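Given next are the chains, with one letter for each unit.
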Amino acid sequence: MVREPASERAGIRAERFLMIETHKTPLTILLASPRGFCAGVDRAIQIVERAIARYGRPVYVRHEIVHNRCVVEGLEAKGAIFVGELDGVPDDRPVVFSAHGVPKAVPAEAARRNLIFIDATCPLVSKVHREAERHHECGRTVVLIGHAGHPEVIGTMGQLPAGAVLLVKDVAEAEALDVPDPHNLAYATQTTLSVDDTIEIVAILRRRFPAIEGPKLEDICYATSNRQAAVKAIARHCDALVVIASDSSNSVRLVEVAVHYGCPKSRLVQRAADMDWNWLVGAGRLGITAGASAPELLVDELVAACRERFDVAVEEVRTTEESVVFKLPRTLVA
Ligand code: SF4
């Protein structure tokens, strides 16, 4: 048998590879910016890492520090143990409270048990807590716009005695809301809501209860607003749009915004390995963003996976710059 020289075989392979390369379908990726980690998430992750460095392994974390599996697994590998409630924390180990905030009963119970606890509540969530407390002290009933069962909502409602907060999730509930005294009323909002939906709900509350007190702008945080604005800017130019994220509130809102602003084919994808490539067939322009809990490496991973399958051109669409940084708790600063 006559064998072809290795260099020739390699040459043929290279030629075939080139042919495959040139037959890749073109795909333009519109990268929304800002996207991904916000200052609150960045701070919460740093708090867990620094607590492990300071107190040794393991450090317990009450609830997922942020809603992202990749982040949680990364911290577990470094020595964090995630638990649902304080019952799961031994007396001799420190515990971190998640970025979503906790009801007052939680630090009270930690103090009763003499636990070392570090609060990673985002300062923008703490601000809403203080607002709710202030209104309550002034004798106002607080209407909280948010989603029942979300950890942030549980934390905010838990700043005040049971019954002091009325929860409203949408325009229908705002229209139907019954309040004890329309002249002593205030509202606050979850930080990760849809900006547009919240404006509508606040407008209904203001129409029905003209004396209602509330923030000049809603409490929706800068990161949520900025990520939604970036998606609004690209949605109508995309045939499909992926929000890289686990099932967090701000990420689900990003999908809704994308659909509402012109890209009906929009979905959440945790990471490149979960991508359904058949779903993308026929799309020439793919929008990509990432929720506030999703690290940038997951964006890089998805862009790389696209490059393996398509002839990719990437365009970054930046709608604003972000420079927000939150201070760490003093106990963790060397
Ligand atoms: S999404 Fe907003 S409120 Fe939530 S952690 Fe980030 S900056 Fe804070």
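In this text, all values refer to a predicted model and were calculated from it rather than measured experimentally.

1. Structural notes on the packing of aromatic side chains
Phase 1 of the analysis: Taken as a whole and judged by the stated rule, the model has 2 aromatic pairs.
Phase 2 of the analysis: Look at F97 and F117: their rings are 5.4 Å apart centre to centre, the planes differ by 25 degrees, and that puts the pair in the stacked class. Here the residue F97 occupies a position in strand β4 (residues 95–97), and F117 occupies one in strand β5 (residues 117–119), the gap between them amounting to 20 residues.
Phase 3 of the analysis: On the basis of relative accessible area, F97 is assigned to the buried category, the value being 1%.
Phase 4 of the analysis: On the basis of relative accessible area, F117 is assigned to the partly exposed category, the value being 32%.
Phase 5 of the analysis: Between W277 and F310 the ring centres are 6.4 Å apart and the planes differ by 45 degrees, which places this aromatic pair in the tilted class. With W277 in the loop between β10 (266–269) and β11 (285–290) and F310 in strand β12 (residues 310–318), the pair connects residues that are 33 residues apart, well separated along the chain.

2. A closer look at unusual backbone geometry
Phase 1 of the analysis: Of note, the bond from S33 into P34 is cis; its omega dihedral lies within 30 degrees of zero at 5 degrees.
Phase 2 of the analysis: Cis geometry marks the peptide bond from R57 to P58; its omega dihedral reads -10 degrees.
Phase 3 of the analysis: Inspection of the secondary structure assignment puts P58 in the loop between α2 (39–55) and β2 (59–62).
Phase 4 of the analysis: Despite not being glycine, H63 has its phi angle at roughly 70 degrees, a positive value.

3. Remarks on the pairing of strand β7 (residues 165–168)
Phase 1 of the analysis: Bridging between strand β6 (residues 141–145) and β7 involves 4 bridges; their strand directions are parallel. Bridging from a neighbouring strand, L144 pairs with L167 of β7.
Phase 2 of the analysis: Regarding the hand of the β-α-β motif, the stretch spanning β6, helix α6 (residues 151–157) and β7 is right-handed.

4. Topic: the side chain of S266
Phase 1 of the analysis: Among the structural elements, S266 can be located in strand β10.
Phase 2 of the analysis: On the accessibility criterion, S266 (12% relative accessible area) is buried.
Phase 3 of the analysis: At a separation of 2.5 Å, a polar atom in the side chain of S266 contacts the main-chain carbonyl oxygen of C263.
Phase 4 of the analysis: Other than its neighbours up to four places away in sequence, S266 contacts L241, V255, A258, V259 and W279.

Calculation notes
- Residues numbered from 1 in each chain as written.
- Predicted model: local features only at pLDDT ≥ 70, side-chain atom pairs only at ≥ 80, totals over all residues.
- Heavy atoms only, no water.
- Phe/Tyr/Trp six-rings, centres within 6.5 Å; stacked < 30°, edge-to-face > 60°.
- Helix = DSSP H or I, 4+ residues; strand = E, 2+ residues; numbered from the N terminus.
- Buried < 20%, exposed > 50% of the residue type's maximum accessible area, 1.4 Å probe, protein only.
- Pairing = 2+ DSSP bridges.
- Right-handed = clockwise from strand over helix to strand, strands pointing away.
- Polar contact = N/O pair within 3.5 Å; in protein donor to acceptor, adjacent residues only side chain to side chain.
- Contact = heavy atoms within 4.5 Å.

Distances and angles like these do not, on their own, reveal function.
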